[in-house]
Amino acid sequence: MMLTRREREVLALLRRDPLAGAQAIADALGTTRAAVNVHLSNLGKKGAILGRGYILRQEHAVVVIGGANVDVKVRSLAPLAYRTSNPGHAHTSPGGVARNVAENLARLGTPTHLIAAVGQDPAGERLLSEIQATGVRIDHVHRGAHPTGTYTAVLDADGELAVAVADMAATDGLGPEHLQPARELIGNASMLVLDGNLSSPALAYALDIASAAGVQTVIDPVSVPKAALLAPLLAAGRPVFAVTPNVAELGALTGRDTLRDNGDDRQVTEAVAVLHERGVQYAWVRLGERGSLLSGAEEGVTFLDAPPAEVQDVTGAGDAMLGAFVHALLTGEDPVAAARYGHAAAALTVATTATVRPDLTPRLVEDALTPRLVEDARHAPPRRTT
């Protein structure tokens, strides 16, 4: 079933609100009611919506497993002075790597289920309500004994992260027994996304379900300590579609010194070769301001430049990259094109103060991506090594 870009946008709005009327959809898309009615008619002919009331055709969804918590972001009004009080602003919002990725996917129109753990407290109630409002399915979110997690980030005046403190006890307590009721959901997913904040037993359990069912899995290692815990789980007998570390996390995953590359990325490319030997099909390594490196076990290495961005807040950039990458893969893009799509979504996200950009749509990303593709066409193809 091939859908136009506008049809995908209409479907994304209907997934958030199946009762939305044609005029409400037209207002949201900046078009006319008559045009929306044509799109709705075409979606009905293509089988994407069924009958009256815009009942959506059931699709296999992406399943995202990991952290869901409350983000507390504090930004200094001036360059940070350490060991003293700094004037600034504070903001609270939904957060957590898995939750952020899930919301990005839902906003881009991909059916998404979140499996996470939150407390039986008011913060958990509010968090679940806010997650559900984004269109993410929360049927398998576990309500545990631990308080709802928090992530407190201190940002310098330029929006760069200075330090963060995470209370992830609720996520740490999410074990295989909590994933077992979702075993069928995971085994029938279009793709599985795992947040490295999960415990090793939970990661292993989810990976085993996906491997047995042939479900492609993408893993975000999250941090150097979490990457070190993930490393033993990566083995040729348990294949993984993609892993998305930064350079330091890549070193922890492979036991290689990736931080002393003398500017030629040789240490990085040797380390990703180790991941391929361990059953990882693609390694997408974040290189900071230089962009990223995407290595395929068969395709070799492609270096991707980071698009220019007016940075307001870097929080959530990696989650936007990952969510958009998965979304693009599921719409038929090859991994390199999907990685470029992820970069565009990240650039759009850091240009706002929101952890997940609330107006994120496929059209917004595609419009941001188009000038970049035109510019790339004027120059040599991306540098590759084999």
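Residues numbered from 1 in each chain as written. Predicted model: local features only at pLDDT ≥ 70, side-chain atom pairs only at ≥ 80, totals over all residues. Heavy atoms only, no water.

Moving on to the packing of aromatic side chains. Applying the stated criterion across every chain yields a total of two aromatic pairs. Look at F241 and Y282: their rings are 5.2 Å apart centre to centre, the planes differ by 55 degrees, and that puts the pair in the tilted class. Placement of F241 in strand β13 (residues 240-243) and of Y282 in strand β14 (residues 280-286) is noted, with a sequence separation of 41 residues between them. The class for F241 is buried, based on a relative accessible area of 9%. Ring centres 4.7 Å apart and planes at 35 degrees place the aromatic pair W284 and F325 in the tilted group. Here W284 is found in strand β14, whereas its partner F325 is found in helix α13 (residues 317-330), with 41 residues between them in sequence. Judged on exposure class, the residue W284 and its partner F325 are both buried. A cation sits over an aromatic face here: R286 above W284, 4.6 Å from the ring centre. (Phe/Tyr/Trp six-rings, centres within 6.5 Å; stacked < 30°, edge-to-face > 60°. Helix = DSSP H or I, 4+ residues; strand = E, 2+ residues; numbered from the N terminus. Buried < 20%, exposed > 50% of the residue type's maximum accessible area, 1.4 Å probe, protein only. Lys NZ or Arg CZ within 6 Å of the ring centre and 35° of its normal.)

By the definition in use, this model includes 13 salt bridges. A salt bridge links R6 to E9, with the nearest nitrogen and oxygen atoms 2.8 Å apart. Here R6 pairs with E9, and both are found in helix α1 (residues 5-16), just three residues apart, close to one helical turn. In this structure, R126 and E130 form a salt bridge, with 3.1 Å as the shortest nitrogen-oxygen distance. One end of the pair is R126 and the other is E130, both in helix α5 (residues 122-133) and four residues apart, which spans about a single turn. Each of R99, E103 and R107 takes part in a single network of salt bridges with overlapping partners. (Salt bridge = Lys/Arg side-chain N within 4 Å of Asp/Glu carboxyl O.)

From the geometry alone we can't say anything about function, so treat these as descriptive.
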